[in-house]
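Topology and contacts: notes
Given next are the chains, with one letter for each unit.
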Amino acid sequence: MTNPSTDHPDDDTFAALIDAVDRFVRDRLVPMERQVDEDDAVPAELVAEMRELGLFGLTAPTEYGGLGVTCRQECELMMVFGRTSPAFRSVFGTNIGIGARGLILAGTEEQKQRWLTKLASGEMIGSFALTEPEAGSDAAGLRTTARLDGDHYVLNGGKRYITNAPVADLFTVMARSVDKPGAAGISAFLVPAGLPGLTVGKPDRKMGQRGAKTADVTFDNVRLPVENRLGAPGEGFQIAMRVLDRGRLNIAATAVGNAGRLVEEGVRYAAERRQFGKPIAEFQLVQALLADCEVERLAAQALVRASADAYDRDGKAILEASASKLYATEMVGRVADRIVQVFGGAGYMAEYPIERFYRDVRLLRLYEGTSQIQQLVIARELAKRHGVAPPR
Ligand code: COS
């Protein structure tokens, strides 16, 4: 596996990008949040604008038409992007985040020329297919098989809750192709949608993040050319884990951005809402709620920034990525809960954005590894760093 070096935007270029994304979020996305939630769909014109901004190719190397942002730059952008509904993030984040990262990390030059350029331009949409009905947290227990038959693999099995599946053109699929138990038997494959035998189920109905589409994907004797295998046989699990390391930082940064928006909404509401003859912001118990939110948001922001810097420096940051995801996503859950409290009954009503954010941020603690999986990863990495046998 390679750790691609690439040109990164310089400070001026990046400042202009942050500025453009900030304006896009405020002017175009925030006003559409409610409609997207109600319609469970992101309008095509907004997707086109994301494409124009280069967001579909955010993390792809420049030689394949991407913007080539560093992990730190990606996190800074996601903190800005997180000021709107996290559902918008999935439109491009899943594509160039976990959808294309396996290809970036482990793809051959031919595979990258064939697919990465199209994923980076937004011409194609990518999706990451690891989870199965019986293999969620226990990803190494997945059962989808890829049996070698001449110069093809034959895929059978099913994936669940796959983000972007209903719109995806290319799936990175983890399947069992080597006769070894657990993680060692898993390989990764680049599977174009539309192959005979590949079916995408009906979009799932979800608690929140409406507009971000997930669905089941099933493989019934799907024949896939051998050249579509990504990396070496048996390398699929490690590819998936490395993809998730960076993905977890992206989610952590989104959580920080979401918390920023919630705090802003809380501060504004507290200044306007009057009770007992004065704005509720003047009550110290309300001040305490807001102060606790901001302290935790700042702590998460610092953790994400330091972790992203570690990733850029070392090419990986397993412990730091899990620590960031754990802390930032749990943090935004607490923040959302406190901001509902600041809003009182209004916080429970759909006419304010708080109720929607409360539902939306709940998913951050579940996907790309639950909080409990992050704790497990941290404990294992900690043991390794201190030279003791990792807990099993
Ligand atoms: N980077 C590179 N390699 C990694 C890795 C990482 N972050 N994490 C694990 N690996 C490697 C290990 O080094 C090991 O390889 P060796 O046997 O050669 O040493 C192999 O992968 C298996 O790892 P491990 O033994 O830790 O696997 P387990 O099944 O015990 O547990 C967890 C792995 C639980 C951490 C993993 O299954 C996981 O992250 N689960 C959550 C999955 C998830 O996030 N799903 C969301 C799907 S996307 S929405």
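A brief report on the enclosed structure follows.

1. Quick word on helix H9 (residues 284-314)
The terminal C-alpha atoms of H9 lie 45 Å apart, and with 31 residues this matches the ideal 45 Å at 1.5 Å per residue to within 8%. Looking only at H9, the buried set comprises Val286, Leu290, Cys293, Glu296, Arg297, Ala300, Gln301, Val304, Ser307, Ala308, Ala310 and Tyr311. Residues of H9 that are buried sit in contact with helix H4 (71-81), helix H6 (98-106), helix H8 (236-272) and helix H10 (318-343).

2. Considering the pattern of salt bridges
When charged atoms on two side chains of opposite charge get close, those side chains can pair. Per the counting criterion, the structure on display carries 28 salt bridges. The salt bridge involving Glu76 is made with Arg305; its shortest N-O contact spans 2.7 Å. A residue pair is termed long-range when its members are at least 10 positions apart, and Glu76 in helix H4 and Arg305 in helix H9 qualify at 229 residues. Each of Glu33, Arg261, Glu265 and Arg356 takes part in a single network of salt bridges with overlapping partners.

3. Here's the deal with the site of the ligand
Taken together, the neighbourhood of the ligand is formed by 22 residues, with Ser137, Arg248, Gly369, Arg380 and Arg392 sitting nearest. With respect to the ligand, the backbone of Ser137 contributes an N or O atom lying 2.8 Å from a nitrogen atom. A distance of 3.4 Å is found between an oxygen atom of the ligand and a side-chain nitrogen or oxygen belonging to Gln238. Look at the ligand: alone it shows 1000 Å² of surface, and the protein chains cover 70% of it. Of all the secondary-structure elements, those providing two or more residues to the shell around the ligand are H8 and helix H12 (371-385). Looking at which element gives the most residues to the shell around the ligand, the answer is H8, with 7 residues.

4. Notes on unusual backbone geometry
Most peptide bonds adopt trans geometry, and most residues besides glycine take a negative phi value. We note that Gln209 has phi near 45°; this positive angle belongs to a residue other than glycine. Position of Gln209 relative to the elements: it lies in the loop between strand S6 (198-200) and strand S7 (214-225). On the accessibility criterion, Gln209 (1% relative accessible area) is buried. The phi dihedral of Asn221 falls on the positive side, at around 50°, and the residue is not glycine. On the accessibility criterion, Asn221 (45% relative accessible area) is partly exposed.

5. Some thoughts on empty space enclosed by the protein
Any space left empty among the atoms is revealed by the rolling of a water-sized probe across them. Tallied over the full model, the rule gives 1 cavity of 30 Å³ or more. Considering only enclosed or pocket space, the largest cavity measures out at about 50 Å³ in volume. Lining the largest cavity we find Thr59, Glu74, Arg89, Gly93, Ile96, Gly97, Ile98, Arg101, Arg246, Gly247, Asn250 and Glu368. Secondary-structure elements contributing two or more residues to the lining of the largest cavity are helix H5 (86-96), H6 and H8. Along the lines of polarity and charge, the residues of the lining of the largest cavity split into 2 nonpolar, 5 polar and 5 charged. Counting residues domain by domain, the lining of the largest cavity receives three or more from each of domain 1 (11-125) and domain 3 (238-385).

6. Here we look at the packing of aromatic side chains
With the rule as written, the count across this model stands at 6 aromatic pairs. With a centroid separation of 4.8 Å and 70° between ring planes, the pair formed by Tyr153 and Phe189 is classed as edge-to-face. Here the residue Tyr153 occupies a position in strand S3 (residues 152-163), and Phe189 occupies one in strand S5 (residues 186-192), the gap between them amounting to 36 residues. With respect to class, Tyr153 is no different from Phe189; both count as buried. Arranged with centres 5.9 Å apart and planes meeting at 80°, the rings of Phe276 and Phe283 form a pair that is edge-to-face.

About the criteria used
- Every chain's residues receive numbers from 1 upward, in the order its sequence appears when written.
- Only residues with pLDDT of at least 70 get local features here, since the model is predicted, and only at 80 or more are side-chain atom pairs given and counted; chain-wide, interface and lining totals rely on the full set of residues.
- To get the side-chain values, take all heavy atoms of the structure and skip hydrogens and water.
- A run of H or I in DSSP counts as a helix once it spans at least four residues, and a run of E counts as a strand once it spans at least two, with each numbered from the N terminus.
- Between the first and last residue of a helix there are one fewer steps than residues, each counted as 1.5 Å, and that sum is the expected span.
- Only protein chains enter the accessibility calculation, which uses a 1.4 Å probe; a residue is then buried when its area is under 20% of its type maximum, exposed when over 50%, and partly exposed in between.
- The contact criterion used throughout is that any non-hydrogen atoms of two residues lie within 4.5 Å.
- When a carboxyl oxygen of Asp or Glu lies within 4 Å of a side-chain nitrogen of Lys or Arg, that pair is called a salt bridge.
- One heavy atom within 4 Å of a molecule or strand makes the whole residue count as near it.
- Polar contact criterion, stated in full: a pair of N or O atoms within 3.5 Å, where within protein one must be able to donate a hydrogen and the other to accept it, and residues adjacent in sequence count only if both atoms are side-chain atoms.
- Shrake-Rupley sampling with a 1.4 Å probe provides the accessible areas, and residues are treated as covered by the protein chains on show and by no other component.
- Two kinds of site are reported from a 1 Å grid over the protein atoms alone, namely cavities, where a 1.4 Å probe fits but cannot get out, and pockets, open sets with protein on both sides within 12 Å along at least five of seven lines, and residues are called lining when an atom falls within 4 Å of a point.
- Grid points are joined across faces, edges and corners, and a volume is the space filled by probe spheres set on the points.
- Three classes are used: nonpolar for Ala, Val, Leu, Ile, Met, Phe, Trp, Tyr, Cys and Pro, charged for Asp, Glu, Lys and Arg, and polar for all others, with Gly counted as polar.
- Reported domain spans reflect what an automatic or database domain assignment gives.
- Between the rings of Phe, Tyr and Trp (Trp by its six-membered ring), a pair exists once the centres lie within 6.5 Å; its type follows the angle of the planes, with under 30 degrees stacked, over 60 edge-to-face, and the other angles tilted.

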